[in-house]
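The residues making up each chain are set out below.
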Number of protein chains: 2
Amino acid sequence: MSHNVSAKSRRQAPHVELRTGMPYANLIANQRLFTAVVGEHFGVSPDDCIPTTGATGAIEAVRNHVFRTKLKACPTVLTVCPGYWRARESFEGFGFKMIDLRTEPLDFSIDETALVAKAGAANPDLLYLSLPNNPTGAIFDPEVIIAGVPEKTAVVIDLTLPSRAIDARTLTRELYRKFGGRRNLFLVGSTSKSHGTAEYRVGWAVCANSEDADRLRKENRSGIASVSIMEAIKRLERGSTVMGLIESSFALLRDGEKGGGFELVTPERMAETGYVLIRARAGIEELRSVFDRRGIHVMWGSEFGLTDEYVRLETLEPRNIKIFVEAMNSLPHEKTVGLISKMSKG
Amino acid sequence: MSHNVSAKSRRQAPHVELRTGMPYANLIANQRLFTAVVGEHFGVSPDDCIPTTGATGAIEAVRNHVFRTKLKACPTVLTVCPGYWRARESFEGFGFKMIDLRTEPLDFSIDETALVAKAGAANPDLLYLSLPNNPTGAIFDPEVIIAGVPEKTAVVIDLTLPSRAIDARTLTRELYRKFGGRRNLFLVGSTSKSHGTAEYRVGWAVCANSEDADRLRKENRSGIASVSIMEAIKRLERGSTVMGLIESSFALLRDGEKGGGFELVTPERMAETGYVLIRARAGIEELRSVFDRRGIHVMWGSEFGLTDEYVRLETLEPRNIKIFVEAMNSLPHEKTVGLISKMSKG
């Protein structure tokens with residue numbers, strides 16, 4: 001009864017915030033609000049959701065945790081190559097050694113059996129995969145991989161890239177349920193690409209194991225910006241609006257491919273997503289030259305494990321894709337290209 | 001000459017962003033903008049400034065870095081007790097072992113000589129100090145400490161708390177110059193308290209050593225929100241507006257102290273800052289009861305290394321301080337306090 005009295009008086013009393021001050025009190029409350037929203041969104045326990053500064057923040061939180069628990073100067077990460085450049089930067093930047101399964105020989109398809117076999121042989125400390133793959137859009141069955149890799153290998157499945165083929169919401173819930181309790185399984189994501197919040201740095205790690213979630217929470221005390229949380233919540237409610245843009249970009253690319261200036265890389269199982277891998281038919285010097293003249297910025301293959309005959313494009317701005325297609329298909333007709341290229345060397 | 005042609009054409013060409021998409025391109029550019037502003041603000045090289053999610057983000061970035069380089073399951077942190085609760089949570093949450101110099105026996109003064117001696121004896125992996133101390137406001141000479149601790153001990157001086165006594169801007173610049181090149185010296189801060197950006201999670205680590213800065217940059221690839229950077233830059237330009245609020249709160253507390261309900265903890269060398277340590281004269285049960293009834297939220301001493309006869313208050317809202325003072329000085333006259341306290345136990 002005294003508890004009731006106390007609860008009642010608390011309800012009636014104002015909140016006189018002298019503990020941390022209102023901004024921090026709001027900040028702390030918003031972290032909880034965000035985990036409640038993310039938990040509800042995926043149909044998982046809010047206690048298993050960790051707010052992070054985007055998917056990269058989630059990758060780094062897991063990376064730090066794995067580093068701490070493995071306690072080796074150079075833990076190993078098994079991943080596919082080409083893969084997500086920034087995840088690689090994060091891992092290598094903290095001293096992890098990358099073990100690559102190169103997918104180019106299989107036309108960039110991701111072979112689950114080969115990956116599981118490589119995991120069994122190399123016994124990596126961590127396995128990182130983006131689903132769909134960044135930048136090829138290759139998709140794979142994450143269940144086969146999670147079930148197949150050694151028990152002690154931490155697994156990060158990065159579901160941040162939007163696509164019609166992979167419903168990240170359903171997949172996160174299903175993997176969470178199917179592998180509930182598995183140590184060191186992290187389903188990371190963000191609203192960055194799907195809901196346009198990249199500049200807000202807001203994302204999450206959903207932990208299959210609640211003790212892992214407890215540890216990640218204790219290891220990461222800073223929290224993410226209230227304004228970012230509010231923006232992510234608002235946009236999650238509105239739903240994603242990028243699928244149409246991605247489809248428009250792919251339609252332009254497929255049509256533009258007929259012009260003969262480039263080729264889309266299309267693994268057998270793939271999703272149209274926020275990035276696409278392109279193979280140019282022109283020489284690298286010609287490419288650099290035309291991009292330079294037209295102000296086209298791409299990510300070069302050499303930045304993510306291939307040669308520069310490949311480039312990665314972002315697909316959320318079809319207008320830019322159109323400019324790229326025109327530039328590529330203009331190449332065979334541009335007589336000055338060779339000359340300028342030679343001048344640049346001089 | 002060809003370089004000039006190329007630069008000229010780049011200036012004239014539009015930016016067709018297909019590399020990461022505009023949001024990420026802006027995000028990456030804003031990290032650089034922020035380090036330029038922070039570098040300019042402090043008069044230090046922008047390359048030695050790392051953007052972080054508040055001072056806590058900076059503490060955790062350094063913590064992770066030290067953990068990585070020391071490669072021990074339980075690295076040690078020397079600090080003072082009482083000290084900043086969240087920094088302690090961050091260190092302990094990652095498995096660090098705290099070595100405390102208790103300041104209560106010296107009326108909460110921080111004795112540089114004792115600290116240096118303890119550092120020499122314990123050889124800690126890291127030394128963390130907030131200047132002014134959180135929550136006592138105790139100040140100390142950081143130069144004596146930095147110069148005195150073992151060379152291999154990483155040093156974090158957290159200058160996030162605003163005060164008139166310590167000019168964080170001048171001090172950061174001076175320490176950076178005086179100890180330029182010292183490995184593992186990090187001057188961390190934020191606009192959280194001084195400029196009201198706590199909810200934006202924006203801060204920095206200024207590294208005395210450029211190689212350390214390079215490593216921290218490589219270890220932390222996520223970046224901080226563009227909106228947070230813009231807000232911090234805007235508010236830094238406007239200047240801090242909290243000193244008047246802090247002074248009002250301390251005036252209310254000094255005046256209220258005469259009522260006999262509580263005592264301000266005032267170390268010999270101290271600054272009036274964003275938090276203050278209070279020692280109550282009433283019993284703990286009475287305190288809890290009056291706080292509960294009036295909706296007063298404080299941080300209890302047991303949460304930062306003392307007993308609950310102490311509480312920490314935030315000082316940026318003088319209106320709340322006034323309510324606290326009234327509550328404390330009403331205590332001896334409240335006849336019902338003992339009764340309710342007994343009922344609560346029943």
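Rules of the game
- For every chain, the first residue of its written sequence is number 1, and the numbers climb from 1 along that sequence.
- The lettering of chains begins at A and the numbering of ligands begins at 1, in the order of writing.
- Totals for whole chains, interfaces and linings use all residues, but because this is a predicted model, local features are given only for residues with pLDDT of at least 70 and pairs of side-chain atoms are given and counted only at 80 or more.
- Calculation of side-chain values draws on the structure's entire complement of heavy atoms; hydrogens and water are dropped beforehand.
- An automatic or database domain assignment supplies the residue ranges for each domain.
- In this description, contact between two residues means that some pair of their heavy atoms is separated by no more than 4.5 Å.
- Take a side-chain nitrogen of Lys or Arg and a carboxyl oxygen of Asp or Glu: if they are within 4 Å of each other, that pair is a salt bridge.
- Polar contact criterion, stated in full: a pair of N or O atoms within 3.5 Å, where within protein one must be able to donate a hydrogen and the other to accept it, and residues adjacent in sequence count only if both atoms are side-chain atoms.
- Gly is put with the polar residues, along with every residue not named as nonpolar or charged; the nonpolar set is Ala, Val, Leu, Ile, Met, Phe, Trp, Tyr, Cys and Pro, and the charged set is Asp, Glu, Lys and Arg.
- What counts as a helix is a DSSP run of H or I of at least four residues, what counts as a strand is a run of E of at least two, and both are numbered from the N terminus.
- What a helix should span is 1.5 Å times the count of its residues minus one.
- Exposure is judged per residue with a 1.4 Å probe applied to protein chains only, and the accessible area is read against the type maximum: over 50% gives exposed, under 20% gives buried, and values in between give partly exposed.
- What counts as buried area is the accessible surface, traced by a 1.4 Å probe, that two parts surrender upon association, with contributions from both included.
- Copy-to-copy superposition: least squares on the C-alpha atoms, limited to residues that have pLDDT of at least 70 in both copies.
- What makes a nonpolar core is a set of buried Ala, Val, Leu, Ile, Met, Phe, Trp, Tyr and Cys residues whose side-chain atoms join them at distances within 4.5 Å.
- In this scheme, strands are said to pair when DSSP sees at least two bridges between them.
- With strands facing away from the observer, any crossover in which the path from the first strand over the helix to the second runs clockwise is taken as right-handed.
- Two rings from Phe, Tyr or Trp (for Trp, the six-membered ring) form a pair when their centres are within 6.5 Å of each other. A pair whose planes differ by under 30 degrees is stacked, one over 60 is edge-to-face, and the rest are tilted.
- In this scheme, the term charge over a ring applies when either NZ of a lysine or CZ of an arginine sits within 6 Å of the ring centre and within 35 degrees of the ring normal.
- Only the stretch in contact is used when fitting a helix axis, every axis being a line fitted to C-alpha atoms; angles between N-to-C directions are given from 0 to 180 degrees.

K.L.:
Looking at this model, I keep getting lost on the domain arrangement of chain A. Mind explaining?
P.N.:
How large an interface is tends to be reported as the accessible area lost when its parts come together. Residues and elements named next belong to chain A. The domains assigned to chain A are domain 1 (15-238) and domain 2 (243-345). Placing a centre on the C-alpha atoms of domain 1 and another on those of domain 2 gives a separation of 30 Å. Listed as interface residues are 27 residues of domain 1 and, on the opposing side, 25 residues of domain 2. Linking domain 1 with domain 2 are three salt bridges, by the criterion used here. Close ionic contact of Glu-112 with Arg-269 constitutes a salt bridge, the shortest N to O distance being 2.8 Å. For the pair domain 1 and domain 2, the number of links is 13 residue pairs in polar contact (both at pLDDT 80 or more). Its residues placed into classes, the side of domain 1 that touches domain 2 shows 13 nonpolar, seven polar and seven charged.

K.L.:
What is the right way to read helix α3 (residues 54-70) of chain B from this model?
P.N.:
Think of an α-helix as 3.6 residues a turn; residues three or four steps apart then line up on the same face. Residues and elements named next belong to chain B. For α3, with 17 residues, the first-to-last C-alpha span of 24 Å sits near the 24 Å given by 1.5 Å per residue. The element α3 is extensively covered by neighbouring structure, given that 14 of its 17 residues are classed as buried. Positive backbone phi, approximately 50 degrees, marks Leu-71, located one or two places after α3.

K.L.:
Help me understand the interface of chain A and chain B in this model?
P.N.:
Contact residues are listed per partner, giving 75 residues for chain A and 76 residues for chain B. Of the roughly 6500 Å² buried at the junction of chain A and chain B (both faces included), carbon and sulfur atoms supply 54%. Area buried by chain A at its contact with chain B is led by Leu18(A), Arg19(A) and Glu199(A), which between them contribute 13% of it. Where chain A meets chain B, there are four salt bridges.

K.L.:
Is there a simple way to think about the relation of the copies chain A and chain B in this case?
P.N.:
Copy one and copy two of the chain differ by a rotation about an axis and a translation along that axis. Rotating chain A by 180 degrees about the axis while translating it 0.0 Å along that axis superimposes it on chain B, leaving an RMSD of 0.0 Å. What the superposition gives is, in effect, a two-fold axis relating one chain to the other. Scanning chain A for the C-alpha nearest the rotation axis identifies Leu71(A), at a separation of 3.2 Å.

K.L.:
Explain the nonpolar core here, please?
P.N.:
Grouped burial of nonpolar side chains is what soluble globular proteins tend to show. If you look at the biggest cluster of nonpolar residues, it comprises 62 residues, and the most contacted ones within it are Phe91(A), Leu126(A), Tyr128(A), Phe91(B), Leu126(B) and Tyr128(B). Residue contacts for Leu126(A): discarding those within four places in its chain leaves Val62(A), Val66(A), Thr76(A), Val77(A), Leu78(A), Phe91(A), Thr153(A), Ala154(A) and Val156(A).

K.L.:
Please explain unusual backbone geometry as it appears in this structure.
P.N.:
Among all residues save glycine, negative phi is the norm, and among peptide bonds the norm is trans. Residues Cys81(A) and Pro82(A) are joined by a peptide bond in cis, for which omega reads 5 degrees. Looking at where Pro82(A) falls in the secondary structure, it is placed in the loop between β3 (76-81) and α4 (85-93). The omega angle of the peptide bond from Asn134(B) to Pro135(B) is 20 degrees, so this bond is cis rather than trans. Turning to its location among the elements, Pro135(B) is positioned in the loop between β5 (126-130) and α6 (142-148). The residue Asn123(A) is not glycine, and still its phi comes out positive at about 50 degrees. Mapped onto the secondary structure, Asn123(A) falls in the loop between α5 (112-122) and β5 (126-130). Unusually for a residue other than glycine, Arg201(A) sits at a positive phi of about 50 degrees.

K.L.:
Quick question: what am I supposed to make of the pairing of β3(A) here?
P.N.:
The side chains of a regular strand alternate, residue by residue, between the two faces of the sheet. Residues and elements named next belong to chain A. Within β3, six of the six residues are buried, which leaves the element mostly enclosed by the surrounding structure. Taking every second residue as pointing to the same face, both faces of β3 are buried, with Thr-76, Leu-78 and Val-80 on one and Val-77, Thr-79 and Cys-81 on the other. Taken together, the six bridges between β3 and strand β4 (residues 97-102) define a ladder with parallel strand orientation. Bridging from a neighbouring strand, Val-77 pairs with Met-98 of β4. Regarding topology, α4 serves as the crossover connection from β3 to the parallel β4, and that connection is right-handed. The sheet contact formed by β3 and β5 spans two bridges and is parallel. Its bridge partner being in β5, Leu-78 is matched across the sheet by Leu-127.

K.L.:
Explain the packing of aromatic side chains here, please?
P.N.:
The description of two aromatic rings rests on the distance between their centres and on the angle between their planes. Under the defined criterion, the tally for this structure stands at 21 aromatic pairs over all chains. Plain terms: the ring middles of Phe67(A) and Phe67(B) are 6.3 Å apart, the flat faces sit at 75 degrees to each other, and that makes the pair edge-to-face. Placement of Phe67(A) in helix α3 (residues 54-70) and of Phe67(B) in helix α3 is noted, with the two residues assigned to different chains. Here a set of aromatic residues connected by ring pairs shows up, and it is made of Phe67(A), Phe91(A), Phe94(A), Phe96(A), Tyr128(A), Phe67(B), Phe91(B), Phe94(B), Phe96(B) and Tyr128(B). Directly above the aromatic system of Phe94(A) lies the positively charged group of Arg68(B), at a separation of 5.5 Å from the ring centroid. Cation over ring: Arg312(B) sits above Tyr275(B), and NZ or CZ is 3.7 Å from the ring centre.

K.L.:
Any chance you could explain the sheet that holds β3(A) here in plain terms?
P.N.:
Strand pairing within a sheet occurs via backbone hydrogen bonds; the two strands may be parallel or antiparallel. Residues and elements named next belong to chain A. A sheet is described by the order of its strands in space; here seven strands give the open sequence β2-β8-β7-β6-β5-β3-β4, paired in mixed fashion. Single-partner strands in this sheet number two, and they are β2 (49-52) and β4. Between one strand and the next, the sheet's axes are offset by a mean angle of 20 degrees, whatever the strand orientation. Sheet strands touched by α5: β3, β4 and β5. Its angle to β4, the strand with the most contacts, is close to 145 degrees.

K.L.:
Looking at this structure, I do not really get the pairing of strand β8 (residues 203-207) of chain B. What am I missing?
P.N.:
Residues and elements named next belong to chain B. The element β8 is extensively covered by neighbouring structure, given that five of its five residues are classed as buried. Pairing geometry for strand β2 (residues 49-52) and β8, over four bridges, is antiparallel. Within the sheet, the bridge partner assigned to Ile-50 lies in β8 and is Ala-205. Pairing analysis gives five bridges linking strand β7 (residues 185-190) to β8, with the strands arranged antiparallel. Bridging from a neighbouring strand, Leu-187 pairs with Val-206 of β8.

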